[in-house]
Amino acid sequence: MEHISILVADDEVEIADLISIHLEKEGYHVITAYNGLEAMQVILSQPVDLLILDIMMPKMDGYEVTRQVREQYNMPIIFLSAKTSDFDKVHGLVIGADDYMTKPFTPIELVARVNAQLRRYTKLNQPRIEQSAALEFGGLVISVDRRTITLYGEDIVVTPKEFDILYLLARHPKKVFSVENIFEQVWGEAYFEGSNTVMVHIRTLRKKLGEDKQKDKWIKTVWGVGYSFNG
């Protein structure tokens, strides 16, 4: 797995080095950065397949790094932070992170989450002959190949997880997906009770699709069951 590059950005050198040791044992190529600005310089200068980001870093925090990365790239991002509140976790996921771990952490769990994210990312980015180039529903166009969304000709900027959720629903119009089913298919992990991750992502996705003005135009809530695509 030497061709897979992982960027670890943490201003605590000991933590960055510890993570690097465990990831290198898995065969990954690891790059370290000790502040947010240095992390962005790495991302802009060389290929990176996955990011592990601390939030509280000097020069540029992890949130801002994520915002800038999501303007151009869709590689997985895992936050590893001492910030443990639900607000911090939800905020991190909403702005574009794919996973969130809190410190202190166990390296074996972090490695497992890295492996899961990379498996899913690799699978989603493999070309599929049976897939059409785009899904079209009136003014909504979901480009499978480019992983982009346009609404009445206007580009809609979404996170990788938001795209995956919409694409999953849109591939099966009118089919109702439970929250558990969406989480397991999009995140590639077992659903854990009490998680509101899916609901947060759908709420943000709806807002981007203008559904705060026209409720349930594209994504329909089936109360007590889940969500369906209303295309």
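Under an unreviewed UniProt entry, the name given to the protein chain is DNA-binding response regulator, and the source organism is Paenibacillus lutimineralis.

Novice: Before we move on, could you go through the packing of helix α6 (residues 160–170) against helix α7 (residues 179–187) and cite the residues and values that matter?
Specialist: Close contact between α6 and α7 brings their axes to 10 Å; oriented N to C, the two are set at 120 degrees. One way to sum up the angle between α6 and α7 is to call them oblique. For the crossing formed where α6 meets α7, the hand is right-handed. Between α6 and α7, the residues in contact are Lys-161, Asp-164, Ile-165, Leu-168 and Leu-169 and Ile-182, Gln-185, Val-186 and Trp-187, respectively. Partitioning the contact of α6 with α7 into residue classes produces six nonpolar, one polar and two charged.

Novice: How would you summarise the pairing of strand β1 (residues 5–9) if you had to cite specific residues and measurements?
Specialist: For β1, the tally of buried residues reaches five of five residues, placing the bulk of the element in the interior. Going residue by residue along β1, you find Ser-5, Leu-7 and Ala-9 tucked away on one face and Ile-6 and Val-8 tucked away on the opposite face as well. Direction of pairing for β1 relative to strand β2 (residues 29–33): parallel, over a ladder of five bridges. Paired with Ser-5 across the bridge in β2 is His-29. The handedness of the β1 to β2 crossover, carried by helix α1 (residues 13–25), is right-handed.

Novice: Summarise the sheet that holds β1; cite the residues concerned and give the values.
Specialist: The strands making up a sheet associate through backbone hydrogen bonding, with each pair oriented either parallel or antiparallel. Read from one edge to the other, the open sheet built from five strands follows the order β2-β1-β3-β4-β5, with strand pairing classed as parallel. Each edge of the open sheet is held by one strand with a lone partner, namely β2 and β5 (99–102). On average, each strand axis in the sheet is tilted by 20 degrees relative to the strand beside it, whichever way the strands run.

Novice: So, the sheet that holds strand β8 (residues 148–151): which residues are in play, and what are the values?
Specialist: Read from one edge of the open sheet, four strands run β6-β7-β8-β9, paired in antiparallel fashion. At either end of the open sheet lies a strand with only one pairing partner, and these are β6 (134–137) and β9 (154–156). Taken over all neighbouring pairs, the strand axes of this sheet differ in orientation by 20 degrees on average, direction set aside. Where strand β7 (residues 140–143) and β8 come together, four bridges link them in antiparallel fashion. Residue pairing in the sheet places Ile-142 in a bridge with Ile-149 of β8.

Novice: Tell me about unusual backbone geometry, and please be specific about residues and values.
Specialist: Between Lys-103 and the following residue, Pro-104, the backbone shows a cis peptide bond with an omega angle of 0 degrees. Topologically, Pro-104 is positioned in the loop between β5 and α5 (107–124). The backbone of Tyr-152 sits at a positive phi, close to 50 degrees, despite the residue not being glycine. Positionally, Tyr-152 belongs in the loop between β8 and β9. The exposed category is assigned to Tyr-152, whose relative accessible area is 58%. Backbone geometry at Lys-174 places phi at a positive 75 degrees, although glycine is not the residue there. Take Lys-174: it is sitting in the loop between α6 and α7.

Novice: Run through the packing of α6 against helix α8 (residues 197–208), naming residues and quoting values.
Specialist: Axis separation between α6 and α8 bottoms out at 10 Å; the angle between their running directions is 85 degrees. In this view, α6 runs roughly perpendicular relative to α8, as classed from their interaxial angle. The segment α6 lies against α8, with Lys-161, Glu-162, Ile-165 and Leu-166 engaging His-201, Ile-202, Thr-204, Leu-205 and Lys-208. Class assignment of the residues belonging to the contact of α6 with α8 gives a composition of four nonpolar, two polar and three charged.

Novice: Mind laying out the side chain of Ser-5, listing which residues take part and the relevant values?
Specialist: Secondary-structure assignment places Ser-5 in strand β1. Note on Ser-5: relative accessible area 10%, which makes it buried. Discounting chain neighbours no more than four positions away, the residues touching Ser-5 are His-29, Ile-31, Pro-47, Val-48, Asp-49 and Leu-50.

Novice: Describe the packing of aromatic side chains, listing the residues and the values that go with them.
Specialist: For the structure shown, the criterion picks out six aromatic pairs. Here the aromatic rings of Tyr-63 and Phe-79 are separated by 5.7 Å at their centres, their planes lie at 90 degrees, and the arrangement is edge-to-face. Taken together, the residues span a long stretch of sequence, with Tyr-63 in helix α3 (residues 62–70) and Phe-79 in strand β4 (residues 77–81) at a distance of 16 residues. With respect to class, Tyr-63 is no different from Phe-79; both count as buried. Ring centres of Phe-79 and Tyr-100 lie 6.0 Å apart, and the angle between their planes is 65 degrees; this geometry places the pair in the edge-to-face category. Of the two residues, Phe-79 is situated in strand β4 and Tyr-100 in strand β5; the sequence distance between them amounts to 21 residues. An aromatic cluster is present here, built from Tyr-63, Phe-79 and Tyr-100 joined pairwise through their rings. The aromatic ring of Trp-218 is capped on one face by Lys-217, whose charged end is 5.1 Å from the ring centroid.

How each quantity is defined
Residues numbered from 1 in each chain as written. Predicted model: local features only at pLDDT ≥ 70, side-chain atom pairs only at ≥ 80, totals over all residues. Heavy atoms only, no water. Axes fitted to C-alpha atoms, helices over the stretch in contact; angles between N-to-C directions. Helix = DSSP H or I, 4+ residues; strand = E, 2+ residues; numbered from the N terminus. Parallel < 35°, antiparallel > 145°, perpendicular 65-115°, else oblique. Left-handed = near helix turned anticlockwise from the far one by under 90°. Contact = heavy atoms within 4.5 Å. Nonpolar A, V, L, I, M, F, W, Y, C, P; charged D, E, K, R; others polar. Buried < 20%, exposed > 50% of the residue type's maximum accessible area, 1.4 Å probe, protein only. Pairing = 2+ DSSP bridges. Right-handed = clockwise from strand over helix to strand, strands pointing away. Phe/Tyr/Trp six-rings, centres within 6.5 Å; stacked < 30°, edge-to-face > 60°. Lys NZ or Arg CZ within 6 Å of the ring centre and 35° of its normal.

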